[in-house]
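Results of the structural survey
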There are 6 protein chains.
Amino acid sequence: MDRFAVVKVSGAVFDLQNKGGEIVRRVAQQLAMAAEIGWRVAAVAGGGNIARIYIGAARDLGASEAALDELGILITRANAELLIAALGGHAYPSVPQTLGELLSASASNRRIIVMGGLQPGQSTNAVAALAAESLGAEILVNATDVDGVYTEDPRKNPGAVKLRSVSVDDLARLLSGAGHRAGTYELLDHVSIHILGRSSIPTVVTSYDGILAALKGEDVGTRITY
Amino acid sequence: MDRFAVVKVSGAVFDLQNKGGEIVRRVAQQLAMAAEIGWRVAAVAGGGNIARIYIGAARDLGASEAALDELGILITRANAELLIAALGGHAYPSVPQTLGELLSASASNRRIIVMGGLQPGQSTNAVAALAAESLGAEILVNATDVDGVYTEDPRKNPGAVKLRSVSVDDLARLLSGAGHRAGTYELLDHVSIHILGRSSIPTVVTSYDGILAALKGEDVGTRITY
Amino acid sequence: MDRFAVVKVSGAVFDLQNKGGEIVRRVAQQLAMAAEIGWRVAAVAGGGNIARIYIGAARDLGASEAALDELGILITRANAELLIAALGGHAYPSVPQTLGELLSASASNRRIIVMGGLQPGQSTNAVAALAAESLGAEILVNATDVDGVYTEDPRKNPGAVKLRSVSVDDLARLLSGAGHRAGTYELLDHVSIHILGRSSIPTVVTSYDGILAALKGEDVGTRITY
Amino acid sequence: MDRFAVVKVSGAVFDLQNKGGEIVRRVAQQLAMAAEIGWRVAAVAGGGNIARIYIGAARDLGASEAALDELGILITRANAELLIAALGGHAYPSVPQTLGELLSASASNRRIIVMGGLQPGQSTNAVAALAAESLGAEILVNATDVDGVYTEDPRKNPGAVKLRSVSVDDLARLLSGAGHRAGTYELLDHVSIHILGRSSIPTVVTSYDGILAALKGEDVGTRITY
Amino acid sequence: MDRFAVVKVSGAVFDLQNKGGEIVRRVAQQLAMAAEIGWRVAAVAGGGNIARIYIGAARDLGASEAALDELGILITRANAELLIAALGGHAYPSVPQTLGELLSASASNRRIIVMGGLQPGQSTNAVAALAAESLGAEILVNATDVDGVYTEDPRKNPGAVKLRSVSVDDLARLLSGAGHRAGTYELLDHVSIHILGRSSIPTVVTSYDGILAALKGEDVGTRITY
Amino acid sequence: MDRFAVVKVSGAVFDLQNKGGEIVRRVAQQLAMAAEIGWRVAAVAGGGNIARIYIGAARDLGASEAALDELGILITRANAELLIAALGGHAYPSVPQTLGELLSASASNRRIIVMGGLQPGQSTNAVAALAAESLGAEILVNATDVDGVYTEDPRKNPGAVKLRSVSVDDLARLLSGAGHRAGTYELLDHVSIHILGRSSIPTVVTSYDGILAALKGEDVGTRITY
């Protein structure tokens, strides 16, 4: 029986202007090693700086919020292509554009599948949660540029404390102040939390260098409990 | 300059087993008259009883929540086809399956466009809000089997009071108890409320017989304020 | 060399209002067991009661016969999704929408593939015959709520006699009175019979509980001869 | 209110090896003139000699009957492109590949739409009948290399008599001897006749030089009665 | 009779990091004014800096040249979306992904259509030439960050002389040294020149602020002669 | 690690009017044997006589060069279907219509994949080169009706000398006189040569009976060097 892991790869990994493809390569290596130890892997790429540049320009030009989402999705797909390049022969060569395409691809071969966003009004966190639900994944790793869930934003408040685990309800409360403008989705938005909650998907929030550790079951990041 | 109205048509309208196509016809007549007085109309059909029958059977058979959403979407598209049939030559003959297809169709002809759901994880209320955002709609009418937003569920509590208007934040609080299992989305879920809020879309919640009145600017249902 | 069996699953199996998913589950179990004894299986789901409810409502609302066919096809696809749910990991997770997609899916993995209707003007019986032709199937099992071909309609005439075999020409004559209104296709219509005939596809008509027996080569139902 | 005419253009029109595009041009001129006198026109191109060459070669190479149909459909689409070329700016520039695409195209512009075959198991005559049904066409002109329906095949029997009109049931009887091998569909096959019958579509069978006359209501060819 | 102009909008226009959407807006204004004076306009967006960032990172990660082209195409489509945002209601809201979609869109409405790249192995200059050919365009404006064709690269050699016109053969010779690595296509590559040549498409190479002048027939940039 | 070979099958192989499917069969046998000795094979079918008949007729009818290319592509896809028929169970049953579909198919199964043209403005030689690039092929065999590259056209000049190898630059010079009208692409056009060059793809030009020998590494045809 296949054991699926879904990995949400934060947009911060695709900071090409400052780091080129360096972090992409590190993430790819971890995904390839996860596949070698038996995981079937699906990854979902986020947007990052370049998505924000496009969304900012388009907002100035008068685009609707839904159009901004579409633009962000295009960039997440370009990011997915980068991850595919870094994975080489380990990757399924196309980027699924619907959950149905993800499922078909997962049934047709055992390579790592990489996708980006799917639809306006859904963050890539929500896509990762839906992908985990669809594939019956055993774990969802949310890999970002902080190493877990903190009591406050650790980049703003040095006194913020990292949680080893957090209930989905507490997480929802922590995030309740965040807005929903296109491109500003933070960590885990309401939609993703609701999807995680309705299917009780085991989830770890960790840094992009902690993906493999999380998939090996090591005690990294923050676990979401139900 | 085109003035767009988006109408969310509740699944209750498609109660075929008890009422055949009777209410569908009444809704179609109102939409056609709205088009005659100058509105460009896009309608989004909900699921209703038959969606619930399918989702119930599929849940018993072990489908994932995402698969249940997909099944519900198929039925909303069948409902959309019914509304198209009732509209005859007033309707665009295809059901858009993405927001992009909706926009292309709206640019290519002036008929009433009818769609259903788009993607797992999104209620048809959220689709209606995204459609309104994409089209730059002047109004979103949410037409259902109650005639507005009440302080409590009017079907359970006869003392419930209908609100003439409600702020989007109060509405979010009113709904905060509702769950998110596939097929159980009520009235307006969190996603739709967030989309409405991020674009401040003028919205009226009213009964399925109040659509035309709402589009004529009459004082029906409950207005959502920002 | 793969041995393909195509199974037409009658709409009667999807009588959800009266039986929920119970018969769907029984059919799925037989298909899964057929796969275990070496058959490559493709199934084609019919419409049934809910298709008839939709078609009836749409006809009242003035839809064209071709539109009624389209609506019926949507419901057969919802039925196909139910069968996929019941099959779980044994099923290919997408519903092919053309014969080409069926062939691609069959070349890419060995799971049971489930589809519904394809195109107006074609019953799901015809689709099953075309699928059998395309896949070079060794057998087509037409599983319905009667256990074979009778000299007359056994639900109307208790003196009807079940035939152990029937030539395709005699079958055509037996059916020559049947009409072709959308949603009323009976057992095997002219198109399916012609396709069966042009490729001499070995076919057994049996009950939905006789599928596995037919695939084991047991003497059930009615055999069509050429 | 739009008045639609569907014109089935026989494969004989696309006898490129003997006649180049000459007859295609004559047909195009008639369609363009029909559009000028107010008809909304959809044309369906048949296969002809080159389809037969491909189907013959593929049958020798061992293709299934369904694959032969697919090959024939490709050639009908090439023929449709020829007719589009001949129509120039009068034609919608794409060939619809489903009835849904035909309907969308017909709602989005007023040009002449040209299509070929749609799906294995359906002759282009059946496609034309379905197109007429979907569009609510007032007339279907079946334009071929004979000028109507004869009591026998006029190319084989000089004593064959042309009928001014024929009932759909008599027509079915006349054709009852014809087989259904891919690429050999003659005049009007059973499927097309059943579709014509279920919607009582006014139909004229005439020569490819009689299209305009038929659309002007002149007394040419053979009328099918219901 | 529609008069089509195709405008190739150089990637330099989408220099978002340095200029935001400012030049995009200026180009959009010119296209909108061109539409007002009667031109039917199709625009093709190039790649630019961000395309180069992606292609550079992907090349480092080991992507094939064809994959680099695909990545570049994604970014040109994001650029096309920006131009659509800037055009607002003047633009067709979807980005055609094939020439067929371009033609369908152009037949279905009169808005400005914006596309990006289509296929690996083809620069957006080639796409613009094919679009001009398909639409029967009267003029192709190639708008870039230099104001015409020079005897040498004006950014490297201050003595370079701008040509008022150049024959397509001389142009081919001028460019014969340029390579073909993905993302490095310069001005007009061999493919575009061959397509221009085979259809003798009237072409003007000018700056991105000279588009409207070129479409008004003013003497700007460099004319390509045949 | 998979070793991919791409085989361009010249349109001359599909000379159905004179030779039926005979040469198609011979090519198919070689491809099947190549697969048996370990090659993963992708084949690209060219156009040939029937493509020229269609293109000639369409040019007379006034089609644009891009439309002629589209028509040629349709015929190459029909040719691809013939090759699939001849390959039977050895072939992937669908014809990829983009490079992405080719890559997905190659990741999902190990059968021989057959495609035709992709896009106007690209010869099937260019498609073969792009396919080789995308798949990381070890060899590209260009199989045609002459057995290699000659100093001059051997069908016109009996003194033409066959080259054992030719540098890509010399090849470009040899071909520099050839035009680019749709359907007249000869041997290797500029685009294909540029793609071959940018990725240094090992290429052999040989006769359609020399495919297997070339794939066995025998000294046949003309090698292109970089």
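These notes cover the structure that comes with them. (Residues numbered from 1 in each chain as written. Chains lettered and ligands numbered in written order. Predicted model: local features only at pLDDT ≥ 70, side-chain atom pairs only at ≥ 80, totals over all residues. Heavy atoms only, no water.)

**Topic: the packing of aromatic side chains**
Which entries qualify depends on this criterion: Here is the rule: rings of Phe, Tyr and Trp (six-membered ring for Trp) pair when centre to centre is within 6.5 Å. Planes less than 30 degrees apart are stacked, more than 60 are edge-to-face, and the remainder are tilted. Counting as a charge over the ring demands two things of the Lys NZ or Arg CZ atom: a distance within 6 Å of the ring centre and an angle within 35 degrees of the ring normal.
If you walk through the whole model with that rule in mind, you get zero aromatic pairs over all chains. One Lys or Arg, Arg3 of chain C, reaches over the ring of Trp39 of chain C and ends 4.4 Å from the middle of that ring.

**Comments concerning the interface of chain E and chain A**
Interface size is often expressed as the accessible area that is lost when the parts come together. To keep things clear, this is the line we draw: Whether two residues are in contact is decided by their heavy atoms, any of which lying within 4.5 Å being enough. Here the quantity called buried area is the accessible surface, traced with a 1.4 Å probe, that two parts lose on coming together, added over both. One side-chain nitrogen of Lys or Arg within 4 Å of one carboxyl oxygen of Asp or Glu is enough to make a salt bridge. By the criterion applied in these results, polar contacts are pairs of N or O atoms within 3.5 Å in which, for protein atoms, one can donate a hydrogen and the other can accept it, and in which residues neighboring in sequence qualify only through two side-chain atoms. Starting at the N terminus, helices and strands are each numbered in turn, a helix being any DSSP run of H or I of at least four residues and a strand any DSSP run of E of at least two. In this classification, the charged set is Asp, Glu, Lys and Arg, the nonpolar set is Ala, Val, Leu, Ile, Met, Phe, Trp, Tyr, Cys and Pro, and all remaining amino acids, among them Gly, are polar.
Of the residues lining the interface, 23 residues belong to chain E; the matching set on chain A comes to 23 residues. Roughly 2100 Å² is buried in total at the junction of chain E and chain A, and carbon and sulfur atoms are behind 77% of that figure. Its largest share of buried area at the contact with chain A, chain E owes to Tyr54, Leu61 and Leu74 of chain E, together 32% of the area lost on that side. Inspection of the chain E/chain A interface yields zero salt bridges. There are two residue pairs in polar contact (both at pLDDT 80 or more) connecting chain E and chain A. Breaking the side of chain E that touches chain A down by element, the ones donating at least two residues are helix 1 (16-19), helix 2 (22-36), helix 3 (49-60) and helix 4 (65-87) of chain E. It is helix 4 of chain E that provides the largest number of residues to the side of chain E that touches chain A, a total of ten residues. Looking at the side of chain E that touches chain A residue by residue, the class counts come to 16 nonpolar, three polar and four charged.

**Focus on the relation of the copies chain E and chain D**
Test applied: A residue counts toward the fit only if its pLDDT is at least 70 in both copies, and the copies are then superposed by least squares on the C-alpha atoms of those residues.
For the pair chain E and chain D, the superposition axis carries a translation of 0.0 Å, the fit reaches an RMSD of 0.0 Å, and the rotation angle comes to 120°. On the angle and the small slide along the axis, the relation comes out as a three-fold axis. It is Ser108 of chain E whose C-alpha, among those of chain E, lies nearest the rotation axis, at 3.0 Å. Each copy contacts the other with its own distinct surface, as only 17% of the interface residues of chain E are interface residues in chain D too.

**Topic: the interface of chain E and chain D**
Listed per partner, the contact involves six residues of chain E and six residues of chain D. Carbon and sulfur atoms make up 50% of the surface buried where chain E meets chain D, a total of about 480 Å² over both sides. Ranking the residues of chain E by area buried against chain D places Ser104, Ala107 and Ser108 of chain E at the top, with a combined share of 73%. Run the count over chain E and chain D and you get three residue pairs in polar contact (both at pLDDT 80 or more). Along the lines of polarity and charge, the residues of the side of chain E that touches chain D split into two nonpolar, four polar and no charged.

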